[in-house]
Amino acid sequence: MDFTFTEEQQAAAEAARAVFAGVSPDEVPSPSLVPGAVADDFDRTLWTRLADADLLSLLLAPAYGGSGLDAIALCLVLRESAKVLARVPLLESSAAAVTVQAYGSEEARTDLLTRAGRGEVVLSVAAHGRTGHDPAELAVTAQRDADGAWVLDGVQTAVPWAYNADYIVVPATAVAGDAGLTEAQHSAMAPVGTDNVLLALVPRVHEGVVLAEQISTAGERLAELRLDSARIAARDVIDADGAWEGLRELLTTGTCALALGLGEGVLTMTGEYTGKREQFGHPIASFQAVAVQAADRYIDLRAMEATLWQAAWRISSGATGALPSAGDVAVAKIWASEGVRRVVQTAQHLHGGFGADVDYPLHRYHAWAKHLELSLGPAAAHEESLGDLLAAHPLG
């Protein structure tokens, strides 16, 4: 295992820093100042700048106008984006696009990938299930009809950027009772993967698709996605084994990268404040109690960083280990969820009342941190998953 970044990965991070240098957290809409969503859309100007810098096509192959890089490069860019609270669906759209590239039909790849890399098509993923606590693939069922299309029914909650995405990737479980199929038609169908999990590319505007507004802790507009006999053509459905697992692991690892970047931004902000704020004639950063708390949070960030790169390296390289890559992803999310919560709580404490001032950006970071902590499962959920993996793969 070598955590030295390649020249291409470092170039992606440098390009990201250049793009995000123009984003001010002070200008990010505050969830404390509006009763509903902070905005109806994501930052389209920043989205265009990301496309112009080729950062929306990082993971795509050159055939689709991409750079052919890996999850590590994406996480480096996501880390920079979270430092300034960039309001763009970079993680969701990138993860969905690379999944279509790896597992989708030729028609879907041709239709979507080049345009997604240019920012002309926005993709999102429904990954939180019916309640946010149950497996997303169990929240929606899929049946084939006589024409080979898939009919989807179910509910997914907290879908990010759903109102602004062109397509939402929805995991679903294939169920028996294919509607209207004769025995000959059924036998002629391509078999579903052994895990019976599909990924459907569902258009935002489509018969049988209904969105209901939800608001995240960060004030962003999410959606409850309801599917009522939504019919999706076979070309827009991925039924390969491992597709959903790979997408979920990439989303989770990317969320860890966002948590790390946000935590680093908060600790930097806290260091600057405590270095200037004086009590008894001295900067409070010189007080032992303040220095010890800041040092503890620095250790949290370094642990978050080490586990993030371990997970990103596993899913990028396909390297084997004592546990499947899902184990490394679970460890990274445990550290990310717990670590980012501790970082923002300590920052609020060390800032005193100033940290709650809505004219100061720290409260925005706190709201975003809570969303990232719970997104795709809190630490406790991933501890359970890690326990299941350890039980199934005894070490030694």
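Above this text is the structure in question.
Residues numbered from 1 in each chain as written. Predicted model: local features only at pLDDT ≥ 70, side-chain atom pairs only at ≥ 80, totals over all residues. Heavy atoms only, no water.

K.L.:
Please provide a residue-by-residue account of helix H3 (residues 71-83), values included.
P.N.:
In this model H3 runs 19 Å from its N-terminal to its C-terminal C-alpha over 13 residues, within 8% of the 18 Å that 1.5 Å per residue would give. When you tally the buried positions in H3, you get 12 out of 13 residues, the bulk of the element. What H3 keeps buried is the set Ala71, Ile72, Ala73, Leu74, Cys75, Leu76, Val77, Leu78, Arg79, Glu80, Ser81 and Ala82. Along its buried surface, H3 packs onto helix H1 (7-20), helix H4 (90-103), helix H7 (243-276), helix H8 (288-317) and helix H10 (362-374). (Helix = DSSP H or I, 4+ residues; strand = E, 2+ residues; numbered from the N terminus. Expected span 1.5 Å × (residues − 1). Buried < 20%, exposed > 50% of the residue type's maximum accessible area, 1.4 Å probe, protein only. Contact = heavy atoms within 4.5 Å.)

K.L.:
Can you tell me about the pairing of strand S2 (residues 140-144), naming the residues and giving the values?
P.N.:
Only one face of S2 is covered, namely the one carrying Val140, Ala142 and Arg144; the face carrying Thr141 and Gln143 has none of its residues buried. One ladder, built from 5 bridges, connects S2 with strand S3 (residues 150-160); its direction is antiparallel. In the sheet register, Gln143 faces S3, and the bridge partner there is Val151. The turn joining S2 and S3, which pair antiparallel and follow one another in sequence, is formed by 5 residues; a positive phi near 90° is taken by Gly148. The sheet contact formed by S2 and strand S4 (residues 167-174) spans 2 bridges and is parallel. Across the sheet, the residue bridging to Thr141 is Thr173, located in S4. (Pairing = 2+ DSSP bridges.)

K.L.:
Tell me what's going on with the environment of Arg130, and back it up with residues and numbers.
P.N.:
Mapped onto the elements of the fold, Arg130 is located in the loop between strand S1 (123-125) and S2. A C-alpha to C-alpha distance of 8.4 Å links Arg130 and Val140, two positions 10 residues apart in sequence. Not counting the four nearest positions on each side in its chain, Arg130 is found in contact with Ala139, Gly154, Val155 and Thr157.

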